Amino acid sequence: QVQLVESGGGLVQPGGSLRLSCAASGGIFSRYGMGWYSQAPGKQRELVAVITSGGTTNYADSVKGRFTISRDNAKNTVYLQMNSLKPEDTAVYYCHGNVPLVDGRTRSYWGQGTQVTVSS
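What comes next is a walk through the structure. (Residues numbered from 1 in each chain as written. Predicted model: local features only at pLDDT ≥ 70, side-chain atom pairs only at ≥ 80, totals over all residues. Heavy atoms only, no water.)

Relative to the helices and strands, R71 resides in strand β7 (residues 67-72). Assessed through its relative accessible area of 17%, R71 is described here as buried. For R71 and S84, which are 13 residues apart along the polypeptide, the C-alpha to C-alpha distance reads 21 Å. Here the side chain of R71 touches F29 through a polar contact of 2.8 Å, landing on its backbone oxygen. (Helix = DSSP H or I, 4+ residues; strand = E, 2+ residues; numbered from the N terminus. Buried < 20%, exposed > 50% of the residue type's maximum accessible area, 1.4 Å probe, protein only. Polar contact = N/O pair within 3.5 Å; in protein donor to acceptor, adjacent residues only side chain to side chain.)

Right under this line is the structure:
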């Protein structure tokens, strides 16, 4: 069983920065595809950024150039560095893990979410 625990959310002024962390336990973290999703009130959960087991990254257009996803396999942790934050970045941010199974399928795991509020 894989568990994901996020931390690092909070209140920040527009233009500020935050770093989210997601610590994974259980299984072999280095094999997981990891990602961050956001969900604003009344909206669907959206992809923010993903990083493969090999380190390839991909971002939503709205965060390109501002957010950076990274991973530290020695610490079983994935990060989301968020710079130049805007009020529209306000949302609950969820960590996601895509865990490969022995039969070739994958299983999804989600963290509990961490609130990010960008406001003056």
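Here the narrative resumes, following the displayed structure.
A few words now on unusual backbone geometry. One non-glycine residue, N76, lies in the positive phi region at around 55 degrees. Take N76: it is sitting in the loop between β7 and β8 (77-82). Assessed through its relative accessible area of 29%, N76 is described here as partly exposed. The backbone of S84 shows a phi angle near 50 degrees, a positive value even though the residue is not glycine. Residue placement: S84 occurs in the loop between β8 and β9 (91-100). Classification of S84 by relative accessible area gives partly exposed; the value is 41%.

On to the pairing of β8, then. Burial runs high along β8: 5 of the 6 residues are buried. Pairing of strand β3 (residues 18-25) with β8, which is carried by 6 bridges, proceeds in the antiparallel orientation. Looking across to β8, one finds that L20 is bridged to L80. The pairing of β7 with β8 spans 6 bridges and is classified as antiparallel. Considered in β8, the bridge of S70 is made with Y79. Between β7 and β8, which pair antiparallel one after the other, the connecting turn spans 4 residues, and N76 there sits at a positive phi close to 55 degrees. (Pairing = 2+ DSSP bridges.)

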